[in-house]
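# Chain and residue survey
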Amino acid sequence: KFGYFLEDDVSWKRLRTRFGLRGDWDDYMDKATLAPRFSLNLDVLGDNRTNVILGQNRYYGRSFFGYRLREGREALKITESRTITAGKITDWVYSAPNSAAANRFNEINIPFDDEQMLGLSQRFDGWLAELKFIHREGKDQVTLRTIKDMVTNKNYYSYTNDGRTETDITTLTLRTTVPWKLAATTHQWELGLDITENKRSHTDISESAISQSNFDKYIVYNGQLIHYLDRPANNFNRPKTLRLTTLSSIPAWNLTITNFFRLKSGYKAVVDTGTTQTISGETYDVWKTKQYPGSLSWDMNIGWSQKVVGTQSLFANLRIDNVLNRSMQLEPVNNIPQYETGRQFWLELGYRF
């Protein structure tokens, strides 16, 4: 792998700009990429209270080693079967191995995201309010397409750059810039709202998707018979999230207590119903779009530190995930119900020196 990054900050009166360029190359993809980066910050009144921010950036994907491993593994897989005849089990019968992809992963283009950002921040009387809008377009995204071999009459897969994604993210935050004092304690907090709209033209390439059984598999979706790999993508995942973060400090006890509250809206997912439908004598799994409910989560972190000598100190952090131990349902995997993680405790002890 080889990568480099160039960056130049230019300031002029109330305007600050940043120009950047990232380059990457590796001997597996054997393709060089150039990703431009640009941001602009305008201090409207020159007092750092009102700022307008613009951004235009490109990001290339660089995690390709996993795909290369999958190609090698799939080429090594074989299938053997046996039957029971007249109460006797026959010997294993070898069948043709699963073929690897009809093309190599490094023969396709490197996927990338183009991102535009517009933001506004305003300071007033110990508060900071920020409004940010991000539009991101994913291009040349890697997808799987099935190809029928006319000789063997089997379906195989091919990597393509047919995938497209489009994401709009609107974030509104309000936070304190000056801690609130109450008796011998101080408190800070941040309130945020995230609204996300995500559209995908394809489903993610998963480990389970790359298997011979899925290349030959068809399902019923909304009453229509479609190929398994062509099922609709899950375009929305928790489209709205309301966040509240509080940070309390108790100096007399050397304690800090941080709470993270998240109220997430419901979302839709394309799932296997666990039922089947028979069409022309063949049985197919039935899939549908299902609505999942919203969820409320509360995580907490309690930190303690004690100075020993000089800059050395003893510290401990207790993290509690899902304090209320709420049961939050997710879409099933292979018809097995899935849930967000229940209550967990993590204890960290350390010595800084």
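Look up: the structure comes first, before these words.
Throughout, residues of each chain are indexed from 1 in the direction in which the sequence is written. pLDDT decides what is reported in this predicted model: residues at 70 or higher carry local features, side-chain atom pairs at 80 or more are listed and counted, and totals for whole chains, interfaces and linings draw on all residues regardless. Side-chain metrics rest on all non-hydrogen atoms present in the structure, leaving aside hydrogens and water.

## What to know about unusual backbone geometry
Backbone geometry at Asn-48 places phi at a positive 60°, although glycine is not the residue there. Only DSSP runs of H or I with at least four residues qualify as helices, and only runs of E with at least two residues qualify as strands; both kinds are numbered from the N terminus onward. Mapping Asn-48 onto the fold places it in the loop between strand 3 (33-43) and strand 4 (50-60). Under the scheme applied here, a residue whose accessible area is under 20% of the maximum for its type counts as buried, over 50% as exposed, and between as partly exposed, the area being computed with a 1.4 Å probe on protein chains only. You can call Asn-48 partly exposed: its relative accessible area is 41%. Positioned with a positive phi, Asp-125 is a non-glycine residue whose angle comes to about 45°. Mapped onto the secondary structure, Asp-125 falls in the loop between strand 9 (112-124) and strand 10 (127-148). For Asp-125, a relative accessible area of 72% gives the class exposed.

## Things to note about the nonpolar core
Think of a nonpolar core as a cluster: buried Ala, Val, Leu, Ile, Met, Phe, Trp, Tyr and Cys residues, connected wherever their side-chain atoms sit within 4.5 Å. Counting 21 residues, the largest nonpolar core has Met-29, Phe-64, Phe-105, Tyr-159 and Trp-287 as the members making the most contacts within it. Where this core is concerned, the elements lending two or more residues are strand 10, strand 11 (155-176) and strand 14 (218-221).

## Regarding the sheet that holds strand 15 (residues 224-227)
For two strands to be treated as a pair, DSSP must find no fewer than two bridges joining them. The sheet built from 4 strands is open, its strands ordered 15-14-19-18 with mixed pairing. Since the sheet does not close on itself, it has two edges, and those belong to strand 15 and strand 18 (267-279), each with one partner. Within this sheet the neighbouring strands show an average axis-to-axis angle of 35°, counted without direction. Direction of pairing for strand 14 relative to strand 15: antiparallel, over a ladder of 4 bridges. Considered in strand 15, the bridge of Ile-219 is made with Ile-226. To get an axis, fit a line to the C-alpha atoms, keeping to the stretch in contact for a helix; angles then go from 0 to 180 degrees between the N-to-C directions.

## Looking at a nonpolar patch on the surface
Patch definition: residues above 30% relative accessible area lacking any salt bridge, with like charges linked at up to 9 Å and the nonpolar side chains Val, Leu, Ile, Met, Phe, Trp and Tyr linked at up to 5 Å. Accessible surface is estimated by sampling points in the Shrake-Rupley manner with a 1.4 Å probe; for residues, cover comes only from the protein chains shown. What counts as a salt bridge is simple: a side-chain nitrogen of Lys or Arg found within 4 Å of a carboxyl oxygen of Asp or Glu. On the surface, Leu-120, Leu-131, Leu-172, Leu-191, Leu-193, Ile-195, Leu-242, Leu-263 and Leu-296 cluster together to form a nonpolar patch covering roughly 690 Å² of accessible area. Examined against the element boundaries, Leu-263 turns out to sit in strand 17 (residues 255-264).

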